[in-house]
Amino acid sequence: MSDSKKYLIGVYDDDTVLLEAIYAIRTKGVKVLEAFTPFPVHGIDDALGYKRSRLPIAAFMFGATGTTCAICLQVLTLGIDWPMNIGGKPNLAYPAFIPVSFEATVLFAALGMVGTFLVASGLGPGAQKTVFDPRSSDDKFVLVLDLEKNSKFSQEQLSLFLKESGASEVNDKEIIG
Amino acid sequence: MQVTSDVREPLVTGGKTLKDVTNDICRQVEGRPSRSWIIAFVLALITLAYGTYCLMMTWFVGLGLWGLNKTVGWAWDITNFVWWVGIGHAGTLISAILLLFRQKWRTSINRAAEAMTIFAVLCAASFILMHMGRPWLAYWTLPLGNTYGSLWVNFNSPLVWDVFAISTYLTVSVVFWYIGLIPDLATIRDRATNKVSRLVYGTLAFGWNGAAKDWSRFESVSLILAGLSTPLVLSVHTIVSMDFATSIIPGWHTTIFPPYFVAGAIFSGFAMVLSLMLITRYVFHLEDYITYAHIESMNKIITLTGSIVGIAYITEFFIAWYSGVEYEGYAFINRASGPYWWAYWAMMTCNVVSPQLFWIRSVRRSLLATFVISVIVNIGMWFERFVIIVTSLHRDYVPSSWAMFAPTRYDIGDYIFSFGLFFTLFLLFAKFLPVINMAEVKAIIKSASEPDPHAGSKASKLGGKEVEVTDSNH
């Protein structure tokens, strides 16, 4: 049951042209699948209507987990499980626990957030996300339209929209899977 | 369209296009290793082999092979450890702190500087393992239960903080560096012509395809990692300095240590970045990406941090006298005029005097002068740690136990090991991974590059549309 999907690919030479093109095409009511660029183009989130990433919240949650774990570890080991007399100082010397708690916060926040990012974006060793045009990691800016989701327009119409908006070439691609 | 400014120097010269950036940076990854790379790599391997022999001897025979004695219990091992960790700090400073300050000139040096950080921290960690004497028991520093042979670790001790600080620093640096590499690895994968490199770089690239949504998350992640790394890097050297400052040894027991160590770390790290980048720039022909503007900016940071270090030296001396503590005063007089006077004055000359030459514009824009001074600064910073550690220890409270330290061939050999390790790793990195962050350089190419001197304005090629390019890198 090979289910093939057809895509229309607009290739642009410049990021500002791409940005304008996204606005122009979306105002026509065309649904854009995704844009692929060699570097982060500023303003593209707004152009494509993406919401702000919630990764900072994830980072905060992981960081707070790290702090909690580190404080619990230190209190449980030095304060409760096996209190030791170290230079006559109190067993629960909280100021001395700050460095380890801080390091654990940073470690948990960094690893947790990066892990979340990889999972959310479907990245990882062995992952193969569709590369519509390999030049999009070099010097081209690629806009991909899903033909199925834009059934109210014909392929010729869509192709014309892309060309009008400044695409230097328009290709179609069929992906089976 | 390219925008030029009369005030700011271009950060990429030669009128590069996006395609040129890809080609220039991928060239050494895709081509066969050059003769100079092979020679350098063989030399690094020989150094590593000799160093490994000395290291194995230290491990099998024990620390008696070093020149340590009952009075001087820390010498080259901890000197080298602090030196290497300090060097690592510049990479994080460039990749994190300069990102937060939106300094665009960091884009073409951050990749190599971060790689340097990781390798320097590995070298530092190797000295931590070595100085334990029985490195196979290194896991005793982790908070494991009694059944593993020790009580719980003492969380009041800066040495335990160090375990957490260094391992967190290494992990976060590796993650930060690798996340930044992913888009560039995808570029290499998409250009690969043979099966093996497509498979290897394809696996390493984690399936990246440059989707706008992924870039948006990627930018969030980079910014937060930078925000996390900034206090992290400051905490690491602060904790390293507390290894000394919380003791009661005169010469160590000073509250100035944390800021003074951090400034010294950035100082030596930038010097190491410059030494490495000047060579990389020459060997890989990256003159258009690492320009005089970059070198000058780094030299300014060296002058700033070098001056902070200089003030710290003078302050330490003043406080030793002003405190009225006899032992403290003696420790400092002994540093400057005792049997190790030469180390002290080598430190003062290299660290305080030499970076001041960068006040002269022609000196900080001279490649040769920059290279020489960067090496001198690193020699000076090694002496700084040696002076702090050995001169403070060798004459303690009881004159009958005063002693001198002299390195043996194993002290020297273990130091050589770290150089072998560092250069082997750095050369492998320089050959097989892109030394310049292509994606970030491409992002600034419009706003910060020199217009192509041979062609007309790029604007005419873009359908004549005049679009204002805003200052939009990060």
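Parameters and conventions
Residues numbered from 1 in each chain as written. Chains lettered and ligands numbered in written order. Predicted model: local features only at pLDDT ≥ 70, side-chain atom pairs only at ≥ 80, totals over all residues. Helix = DSSP H or I, 4+ residues; strand = E, 2+ residues; numbered from the N terminus. Rg over C-alpha atoms; globule rule 2.2 N^0.38 Å. Buried ≥ 20, exposed ≤ 12 C-beta atoms within 10 Å, placed from the backbone. Contact = placed C-beta atoms within 7 Å. Nonpolar A, V, L, I, M, F, W, Y, C, P; charged D, E, K, R; others polar. Arc of directions from axis to C-beta. Pairing = 2+ DSSP bridges. Core = buried A, V, L, I, M, F, W, Y, C linked by C-beta atoms within 7 Å. Axes fitted to C-alpha atoms, helices over the stretch in contact; angles between N-to-C directions. pLDDT = per-residue confidence, 0-100. Expected span 1.5 Å × (residues − 1). Bend = angle between axes of the 7 residues up to and from the residue. Parallel < 35°, antiparallel > 145°, perpendicular 65-115°, else oblique. Left-handed = near helix turned anticlockwise from the far one by under 90°.

Here's the deal with the overall build of chain B
Phase 1 of the analysis: From N to C terminus, chain B includes 15 helices and zero strands.
Phase 2 of the analysis: By the compact-globule yardstick of 23 Å for 474 residues, chain B fits well, its C-alpha radius of gyration being 24 Å.
Phase 3 of the analysis: Judged by the C-alpha coordinates and their principal axes, chain B covers about 85 × 50 × 40 Å.
Phase 4 of the analysis: Classification of the 474 residues of chain B by burial places 48% in the buried group.
Phase 5 of the analysis: Long-range pairs, those at least 24 residues apart, make up 83% of the contacts in chain B between residues at least 6 apart in sequence.

Quick look at the overall build of chain A
Phase 1 of the analysis: Helix and strand counts for chain A come out as five helices and four strands.
Phase 2 of the analysis: By its C-alpha atoms, chain A is 85 × 40 × 30 Å across when sized along the principal axes.
Phase 3 of the analysis: Considering chain A as a whole, with its 177 residues, one finds that 39% of them fall into the buried category.
Phase 4 of the analysis: Sequence separation of at least 24 residues holds for 80% of the intrachain contacts in chain A that already meet a minimum separation of 6.

Looking at the interface of chain B and chain A
Phase 1 of the analysis: The interface is formed by 53 residues belonging to chain B together with 63 residues belonging to chain A.
Phase 2 of the analysis: Of all elements in the fold, only α1 (18–30), α5 (158–191), α7 (212–245) and α15 (438–448) of chain B reach the threshold of two or more residues within the side of chain B that touches chain A.
Phase 3 of the analysis: For the side of chain B that touches chain A, the per-class residue count stands at 29 nonpolar, 16 polar and eight charged.

Let's talk about helix α5 (residues 155–164) of chain A
Residues and elements named next belong to chain A.
Phase 1 of the analysis: All buried positions along α5 are accounted for by L158, F161 and L162. Down the axis of α5, the buried side of the element spans an arc of 95°, and every buried residue falls inside it. Turned more than 90 degrees away from the buried face of α5 sit E156 and E164, all of them exposed.
Phase 2 of the analysis: Elements in contact with the buried residues of α5: β1 (4–12), α1 (15–27), β3 (141–146) and β4 (169–176).
Phase 3 of the analysis: Following α5 by one or two positions, G166 adopts a phi angle in the positive range, close to 110°.

Brief notes about the pairing of β1 of chain A
Residue and element names in this part refer to chain A.
Phase 1 of the analysis: Judged from the eight bridges that link them, β1 and β4 form a sheet pairing that is antiparallel. Directly across from G10, in β4, lies its bridge partner V170.
Phase 2 of the analysis: Note: β1 against β3, six bridges, orientation antiparallel. Looking at the pairing, I9 lines up with V144 of β3.

Observations concerning the nonpolar core
Phase 1 of the analysis: Of all hydrophobic cores here, the largest spans 182 residues; its most connected members are A35 and M113 of chain A together with M116, F270 and V273 of chain B.
Phase 2 of the analysis: When residues of this core are assigned to their parent elements, the largest contribution, 15 residues, is made by helix α8 (residues 257–283) of chain B.

Some thoughts on the sheet that holds β1 of chain A
All names here are of chain A.
Phase 1 of the analysis: Spatial strand order, β2-β3-β1-β4: four strands in an open sheet with antiparallel pairing. Sheet topology places β2 (32–36) and β4 at the edges, where each strand pairs with a single neighbour. Averaged over neighbouring strand pairs, the angle between their axes works out to 25° when direction is ignored.

A word on the pairing of β3 of chain A
Phase 1 of the analysis: Here β2 of chain A pairs with β3 of chain A via four bridges, running antiparallel. For E34 of chain A, the partnering residue across the bridge sits in β3 of chain A and is V144 of chain A.

Thoughts on unusual backbone geometry
Residues and elements named next belong to chain B.
Phase 1 of the analysis: The backbone phi angle of R102 is positive, close to 55°, even though this residue is not glycine.
Phase 2 of the analysis: Considering the arrangement of structural elements, one finds R102 in the loop between α3 (76–100) and α4 (110–131).
Phase 3 of the analysis: The backbone of H285 sits at a positive phi, close to 55°, despite the residue not being glycine.
Phase 4 of the analysis: Position of H285 relative to the elements: it lies in the loop between α8 and α9 (292–322).
Phase 5 of the analysis: Classification of H285 as exposed rests on a count of 12 C-beta atoms within 10 Å.

A look at the confidence of the model for chain B
Residues and elements named next belong to chain B.
Phase 1 of the analysis: On average, residues of chain B score 87 in pLDDT, and 92% of them reach the 70 mark or higher.
Phase 2 of the analysis: Predicted confidence is poor over residues 455–474, with pLDDT under 50, and the contacts of this stretch with residues over four places away or in other chains come to 25 contacts.
Phase 3 of the analysis: Across the predicted assembly, pTM comes out at 0.89 and ipTM at 0.92.

Some thoughts on α3 of chain B
Residues and elements named next belong to chain B.
Phase 1 of the analysis: Spanning 25 residues, α3 covers 36 Å between terminal C-alpha atoms, matching the ideal 36 Å at 1.5 Å per step.
Phase 2 of the analysis: At L93, α3 shows its maximal kink, close to 40°.
Phase 3 of the analysis: The element α3 is extensively covered by neighbouring structure, given that 23 of its 25 residues are classed as buried.

Side note on the confidence of the model for chain A
Close reading of the predicted structure is inappropriate where its pLDDT is low.
Phase 1 of the analysis: Predicted confidence across chain A gives a mean pLDDT of 87, with 98% of residues reaching 70 or more.
Phase 2 of the analysis: Per-element confidence in chain A ranges from a low mean pLDDT of 82 for β4 of chain A to a high of 93 for helix α4 (residues 94–121) of chain A.

Quick look at the packing of α8 of chain B against helix α13 (residues 367–394) of chain B
Residues and elements named next belong to chain B.
Phase 1 of the analysis: Between α8 and α13, whose axes approach to 8 Å, the crossing angle comes to 140°. By the criterion of interaxial angle, the relationship of α8 to α13 is oblique. Two packed elements cross with a definite hand, and for α8 against α13 that hand is left-handed. Between α8, through G264, F267, S268, A271, M272, L274, S275 and L278, and α13, the contact on the second element is made entirely by L367, T370, F371, S374, V375, V377, N378, M381 and E384.
Phase 2 of the analysis: Among the residues forming the contact of α8 with α13, the class breakdown is ten nonpolar, six polar and one charged.

Examining the environment of W177 of chain B
All names here are of chain B.
Phase 1 of the analysis: By the element assignment, W177 lies in helix α5.
Phase 2 of the analysis: Take W177: there are 22 C-beta atoms within 10 Å of it, and that puts it in the buried class.
Phase 3 of the analysis: Sequence-wise, W177 and S95 are 82 residues apart; in three dimensions their C-alpha atoms are separated by 8.8 Å.

Examining the environment of C72 of chain A
Phase 1 of the analysis: Residue position: C72 of chain A is located in helix α3 (residues 55–81).
Phase 2 of the analysis: With 21 residues separating them along the chain, C72 of chain A and A93 of chain A place their C-alpha atoms 13 Å apart.

Considering the packing of α4 of chain B against α8 of chain B
Residues and elements named next belong to chain B.
Phase 1 of the analysis: The geometry of α4 relative to α8 is characterised by a closest axis approach of 10 Å and an angle of 125° between their N-to-C directions. In terms of orientation, α4 and α8 fall into the oblique class. Judged by the twist between their axes, the crossing of α4 over α8 is right-handed. Contact with α4, carried on its side by A112, A113 and M116, involves M272, V273, L276, M277 and T280 of α8 and no other residues of that element.
Phase 2 of the analysis: Taken together, the residues of the contact of α4 with α8 break down into seven nonpolar, one polar and no charged.

Some thoughts on the environment of D190 of chain B
Phase 1 of the analysis: When you line up the elements, D190 of chain B lands in helix α5.
Phase 2 of the analysis: When the C-alpha positions of D190 of chain B and N209 of chain B are compared, they lie 9.4 Å apart, and in sequence the two are 19 residues distant.
Phase 3 of the analysis: Leaving out residues up to four positions away in the same chain, D190 of chain B has contacts with V131, P134, S137 and D138 of chain A.

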